[in-house]
Amino acid sequence: MNTITVVGTQWGDEGKGKVTDYLAQKADYVVRYQGGNNAGHTIKFEGKKYALHLIPSGIFKPACINVMGNGMVINPLALCEELEGLKKAGIATKNLKISAAAHVVLPVHLRLDHLSEERKGSNSVGTTFRGIGPAYTDKASRTGIRMGDFIHPHRLKRHLKSMASAPCEDTLYEQLEAAATALRPLVENTGECLYKALLENKKVLFEGAQGTMLCLDHGTYPYVTSSSPTAASVALNTGIPPQAIHEVLGVTKAYTTRVGHGFFATEFSGNLADKIRLQGHEFGTTTQRPRRIGWLDLVVLNHAKRVNGLTSLAIMLLDVLQGVHPLKVCVAYQLDGQRINDIPSSIDDYQRVEPVYIELDGFNDDISSVKHYEDLPKPAKTYLKTIETLTGVPIGIISVGPSREQTIVLHDYFMKK
Ligand code: IMP
């Protein structure tokens, strides 16, 4: 089966948008499998900029079928707005399919997200306020509504009535009904459609949102999102056999960033962090929040290797490290006088780890127009080799700038017959 799964290996914002955009050029199907419009990436081409939050990246390629899987939580009003924006820009959106089993994010979920964060005070998660947690809570509590029911006015009405604690005003109902009518033709059993595509050996790209360390199970709980962005969740969240997932590309920033709250071991602040933030445009696509900055953490990357079965790496934003001396890389943690190589499951323990660093030479050359690996400066190559050696995962893509052309590709993706 000809599939590639793209996952973030850190706390999201690793540059998955650029990688999925590149791979989408070769794919027949692009599939989002979890999260909702808490995600966001910007795609630039033909001099225009497009921000996607819910719709898969293959939407710009007319022959590509884009699927929103059952593991997603979908805000229908936000989705209609995103579709409208694309239509206005002349992008055809008919190649979009929405799983009938995906859950719906309703306006009440956004209100609950705000309330929950307020209630947590200084322990708040720093969510994107898109109602993601409350929508997944309703799913797990078996009180949510799926897209396949949402698109039937009487079922939607019945559901809204059943939410006694959150009465729905008439105007809101009308907006939701209009969205339901607009989305109705796109809703289907996408699991069946994907299974057929796999049997026909179509090229299917599974596009992860967020990152492994934000995984509800394998991330830094409770400072996580409410779904699993890992490759392990693809089968569950799209309705295809687990055997279909074999090639997994882990997207990794050459350093670390995080938005929202919660500890990360290699964080630093000051002039260097400010320089990297500016150089790397480290401000959130969805919320515009400044991202926190840290050194590359190989304990995190090896954790991501294990839980995702990474088969190759994409190292992003390497150009941003130009002029940083020395380059520090975290290779282990110290906890209670012991050296450890894994992520403690308890956040109380994780918050006490001290990073163990090695230091490597930095590079001064501008690498943003380098096209071949051999032409990278020696210290940059040593940095990359160190990542490969200490993770055992080969690097398949190196990104040296935001545009499609600023990409060094070392591996043939989607070449399997
Ligand atoms: P939620 O997903 O909005 O509930 O937010 C939970 C945590 O995940 C917060 O720390 C958010 O900042 C973080 N988060 C959610 N989506 C993204 C993303 O796409 N990139 C980076 N962080 C994210």
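Here the structure is shown first, and the text comes after it.
All residue numbers refer to position in the chain's written sequence, counted from 1. Owing to the predicted nature of the model, reporting of local features is limited to residues with pLDDT of at least 70; listing and counting of side-chain atom pairs is limited to 80 or more, with chain, interface and lining totals taken over all residues. Only hydrogens and water are removed before side-chain values are computed, so all heavy atoms of the structure are retained for them.

> Tell me about the overall build of the chain, residues and numbers included.
The secondary structure listing takes helices from DSSP runs of H or I that are at least 4 residues long and strands from runs of E that are at least 2 residues long, numbered from the N terminus. Secondary structure summary: the chain contains 13 helices and 21 strands in total. The globule rule used for comparison is 2.2 Å times the number of residues to the exponent 0.38, while the radius of gyration itself is calculated over C-alpha atoms. For 417 residues, the compact-globule formula gives about 22 Å, and the C-alpha radius of gyration of the chain, at 21 Å, lands near that figure. If you line up the chain on its principal axes, its C-alpha atoms span 65 × 50 × 40 Å. Per-residue accessibility, obtained with a 1.4 Å probe over protein chains only, is compared with the maximum for each type, and a residue is labelled buried under 20%, exposed over 50%, and partly exposed between these values. Looking at the chain as a whole, 57% of its 417 residues qualify as buried. Residue contacts are counted whenever heavy atoms from the two residues lie within 4.5 Å of one another. Sequence-distant contacts, at least 24 apart, represent 75% of the contacts inside the chain between residues at least 6 apart. Accessibility throughout is a Shrake-Rupley quantity obtained with a 1.4 Å probe, and a residue counts as covered only by protein chains that appear here. Working note: accessible area of the chain is about 17800 Å², and carbon and sulfur atoms make up 51% of it.

> Would you mind going over the site of the ligand in detail, with residue names and values included?
Only a single heavy atom is needed: when it lies within 4 Å of a molecule or strand, its residue is near that molecule or strand. Near the ligand there are 15 residues, and of these D13, N38, T128, T225 and R289 occur at the shortest range. Pairing of N or O atoms within 3.5 Å defines a polar contact, subject to two protein rules: one partner must be a possible hydrogen donor and the other a possible acceptor, and residues neighboring in sequence count only if both atoms are side-chain atoms. Within the side chain of T128, an N or O atom sits 2.6 Å from an oxygen atom of the ligand. When the ligand sits alone it has 470 Å² of accessible area, and the protein chains cover 96% of it. Under the scheme applied, nonpolar residues are Ala, Val, Leu, Ile, Met, Phe, Trp, Tyr, Cys and Pro; charged residues are Asp, Glu, Lys and Arg; polar residues are all the others, including Gly. Of the residues contributing to the shell around the ligand, the split by class is six nonpolar, seven polar and two charged. How far each domain reaches was decided by an automatic or database domain assignment. For the shell around the ligand, the two domains that each supply at least three residues are domain 1 (3-101 + 189-409) and domain 2 (103-188).

> Describe the pairing of strand β4 (residues 48-52), naming the residues involved and giving the relevant values.
Regular strands show a simple pattern: their side chains alternate between the two faces of the sheet. Strand direction decides the pairing type here: strand β3 (residues 41-45) and β4, joined by five bridges, are antiparallel. What sits directly across from K44, in β4, is K49. Linking β3 back to β4 in an antiparallel pair, the connection comprises two residues, with E46 at a positive phi of about 45°. In short, DSSP must find at least two bridges between two strands for them to pair.

> Which residues make up the state of the cysteines, and what values go with them?
When the sulfur atoms of two cysteines come within 2.5 Å, that pair is taken as a disulfide. Taken as a whole and judged by the stated rule, the model has zero disulfides. Of all cysteine sulfurs, the one in C64 lies closest to C193, which takes part in no disulfide; the gap is 11 Å. By relative accessible area, C193 is classed as buried at 14%.

> Any details on helix α3 (residues 107-120)? Residues and values, ideally.
Each helix should span, by expectation, one fewer than its residue count multiplied by 1.5 Å. If you check α3, its first and last C-alpha atoms are 21 Å apart, about what 14 residues at 1.5 Å a residue would give, namely 20 Å. Taken as a whole, α3 has its buried residues at V108, H109, D113 and E117. Down the axis of α3, the smallest arc covering the buried residues is 165°, so these residues share one side. Away from the buried face of α3 by more than 90 degrees, exposed residues E118 and R119 are located. Contact partners of the buried residues in α3: β8 (103-104) and α4 (132-141). Taken from the helix axis, the directions to the C-beta atoms give the arc we talk about.

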